[in-house]
Amino acid sequence: MSIFAAKYTRLLHREFEQHFRSLFPLDYEWFVDAMNETPAVSIRVNPTKWLGCPFSECGPVPWFTGAYYLPSRPAFYADPLHHAGAYYVQDASTMFFANAIDWTRPMLALDLCAAPGGKSTLLLDRLAPGSFLVSNEADLNRSRALVENLGRWGRHNVLVTNAVVKSFLPMGPMFDLVLVDAPCSGEGMFRKDVRALEQWSPNFVSACAAVQQPLLAQAATLVAPGGYLVYSTCTYEPMENEAQIAGILDKMPEYEVVTTQCHPGWGVDQVDIPTVSEPLKGYYLYHHRVRGEGQFVCVIRRREEGLRARIPGKPAFSKPSKQEAENILAMVPAPMNTRLVKVRGHIHALPSEHESLASFCHSLMPLWKLGVDMGTVSANNVRPGYEAALHCESVNRLPMFELGLPQALDYLKGGPLPVHPQWPKGWGLACFKGLALGWGKNVGTRLNNYLPRDRWLRKEVVC
């Protein structure tokens, strides 16, 4: 028996049925029957890490190139390629928004509710060269997963902040793209998450709408002239979706409609949202009509009139000493066009052209990730950073210890490994199928394992 079937009679009763029959008057039974289906499993390939994708024979996600449906859900935790950042497990519906954006020009992007990182890693894939992403999560515990997933993805044009939206307001209209994946009543997750069923009620829907209103209004002030505001939820409630966007359009006439590319065969429902100025298009991906979970998406664009906010002051980061920089670079080559900065003892490489923006963020809120963590230097002892091992440019520029599947799993469990006679001595990358998992050091008798303890594989895996 499915989660829905088991909980339906006990939790949802007449109030639930009346409510959702009003939302789905023609296909309520279809909506309910879909609750008993097994959720689709989809992944999105990291294009800079895994060009020979073995999933290409699986069914493609129709609205996103490089994403695929899997026939069943494997044990991702036991796949070294997942730990290497070769792909991201992401629901197909959450990728739909990318069709509305012109990705050809460099942008400053802000993902305001980013954890666990699906949309942020997608942004890093789509953003044009010269772009920079601020990935924010207000919840401290969820920030940890965000940092881990972005570290695996292997890019340096990103930082992670841990702040409420209000903390960004001093920045003004600075960002070319602001993404708000708003907290919501979670109706689109009924099939996958029993908690969404347990907490649902009309009062909870109203409470979520009250939270979304100021969040979206504040986010709208951060969009630069010509920039995009992407609003998405995983609920089906007009109060949480169309009504929120209509409120912004009525109060901020400088925003205009953006039509999202949408093929009739995709099963996506387009709705007209009436506003004072012009009708607005919103898009529903219902779990009983698309191969994915529930999602609402709307994209609006700020007109070109007005001035972009400027970044005040000069970069205020500390710099590593000349000796520290030489020592770290002798072991870990920095990504192209980056500058080294030192924060809390760690040396980071971040894009030179965006150092001022990163410094401005650092002055306003806590940073959890800054570019790529190159490592630490103390008393001429260099400890390379985990993120530097997984950076996309590292594999082709550093010594490698290629591991088979059993060895790779042993490495992910945190233990030392026997040494292959052809491996180089000293520091290098422990790799699986040419993709780095982390650092190792060949000391002759064994390969010492420098995978951070909080990345160790905790579950038992049988090959």
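Residues numbered from 1 in each chain as written. Predicted model: local features only at pLDDT ≥ 70, side-chain atom pairs only at ≥ 80, totals over all residues. Heavy atoms only, no water.

Structural notes on the overall build of the protein chain
What the protein chain contains, in helices and strands, is 12 helices and 22 strands. Expected size for 463 residues packed as a compact globule is a radius of gyration near 23 Å; at 23 Å, the protein chain falls within 12% of this value. Taking all 463 residues of the protein chain together, 57% fall into the buried category. When contacts within the protein chain are restricted to residue pairs at least 6 apart in sequence, those whose partners lie at least 24 apart make up 72%. For the protein chain, the accessible surface area stands at approximately 19800 Å², while carbon and sulfur atoms represent 54% of it. If you average the places of the 45 positive and of the 43 negative side-chain charges in the protein chain, the two averages end up 9 Å apart. (Helix = DSSP H or I, 4+ residues; strand = E, 2+ residues; numbered from the N terminus. Rg over C-alpha atoms; globule rule 2.2 N^0.38 Å. Buried < 20%, exposed > 50% of the residue type's maximum accessible area, 1.4 Å probe, protein only. Contact = heavy atoms within 4.5 Å. Areas by Shrake-Rupley, 256 points an atom, 1.4 Å probe, with all protein chains shown as cover. Lys, Arg positive; Asp, Glu negative; His and termini not counted. Charge placed at Lys NZ, Arg CZ, Asp CG, Glu CD.)

Observations regarding the side chain of Asn 99
Counting through the fold element by element, Asn 99 comes out in the loop between β4 (87-89) and β5 (108-111). In terms of polar contacts, Asn 99 uses its side chain to reach the backbone carbonyl oxygen of Phe 96, at 2.9 Å. With residues near it in sequence (within four places) discarded, Asn 99 still touches Trp 63, Thr 260, Gln 261 and Trp 266. (Polar contact = N/O pair within 3.5 Å; in protein donor to acceptor, adjacent residues only side chain to side chain.)

Examining the sheet that holds strand β3 (residues 67-70)
As summarised here, the arrangement of the 4 strands in space is β2-β3-β1-β4, forming an open sheet in which the pairing is antiparallel. The open sheet is flanked by β2 (59-60) and β4, the only strands paired with a single partner. Relative to strand β1 (residues 41-45), helix α4 (residues 118-126) is tilted by about 35°, and along the sheet it contacts β1 and β4. (Pairing = 2+ DSSP bridges. Axes fitted to C-alpha atoms, helices over the stretch in contact; angles between N-to-C directions.)

Things to note about the packing of aromatic side chains
Counting across every chain of the model gives 23 aromatic pairs. The interplanar angle of 75° and the centroid separation of 5.9 Å between the aromatic rings of Phe 20 and Phe 190 together place this pair among those described as edge-to-face. A residue pair is termed long-range when its members are at least 10 positions apart, and Phe 20 in helix α1 (residues 3-23) and Phe 190 in the loop between β8 (175-181) and α6 (194-199) qualify at 170 residues. The same class applies to Phe 20 as to Phe 190, namely buried. Ring geometry for Trp 427 versus Trp 439: centroids 6.2 Å apart, planes at 85°, classification edge-to-face. Residue Trp 427 is located in strand β20 (residues 426-432), and its partner Trp 439 is located in strand β21 (residues 435-442); the two are separated by 12 residues in the primary sequence. (Phe/Tyr/Trp six-rings, centres within 6.5 Å; stacked < 30°, edge-to-face > 60°.)

Some thoughts on the pairing of β3
Residues Ala 67 and Tyr 69 of β3 are buried on one face, and the alternating residues Tyr 68 and Leu 70, pointing to the opposite face, are buried as well. Bridging between β2 and β3 involves 2 bridges; their strand directions are antiparallel. Bridge assignment links Pro 60 to a residue of β3, and that residue is Tyr 68. What sits between β2 and β3 in their antiparallel hairpin is a turn of 6 residues, with Gly 66 showing a positive phi close to 95°.

Concerning the nonpolar core
Counting residues in hydrophobic clusters, the biggest one holds 62 residues, and the most contacted among them are Val 178, Val 180 and Leu 229. The leading source of residues in this core is helix α7 (residues 202-220), at 5 residues. Aside from chain neighbours lying at most four places away, what touches Val 178 is Leu 110, Leu 112, Ala 219, Leu 222, Val 223, Tyr 228, Leu 229 and Val 230. One finds Ala 325, Leu 403, Trp 423 and Leu 457 within the second-largest nonpolar core, a separate group that totals 50 residues. (Core = buried A, V, L, I, M, F, W, Y, C linked by side-chain atoms within 4.5 Å.)

Quick word on the packing of α4 against helix α5 (residues 140-153)
In contact at an axis separation of 10 Å, α4 and α5 are set at 25° when each is read in the N-to-C sense. Considered as vectors, α4 and α5 are oriented roughly parallel to each other. Our pair here, α4 against α5, has a crossing hand that is right-handed. Contacts between α4 and α5 involve Ser 120, Thr 121, Leu 124 and Asp 125 from the former and Asn 149, Leu 150 and Trp 153 from the latter. In terms of residue class, the contact of α4 with α5 is built from 3 nonpolar, 3 polar and 1 charged. (Parallel < 35°, antiparallel > 145°, perpendicular 65-115°, else oblique. Left-handed = near helix turned anticlockwise from the far one by under 90°. Nonpolar A, V, L, I, M, F, W, Y, C, P; charged D, E, K, R; others polar.)

A short note on the sheet that holds strand β18 (residues 381-384)
Reading across from one edge, β14-β15-β17-β18 is the order of the 4 strands in this open sheet, with antiparallel pairing throughout. The open sheet has two free edges, formed respectively by β14 (338-343) and β18, since each of these has just one partner strand. Direction aside, neighbouring strands of the sheet carry axes that sit 30° apart on average. Pairing between strand β17 (residues 372-378) and β18: 4 bridges, direction antiparallel. Note that in β18 the partner of Thr 376 across the bridge is Arg 383.

Any link to function would need more than the numbers given here.
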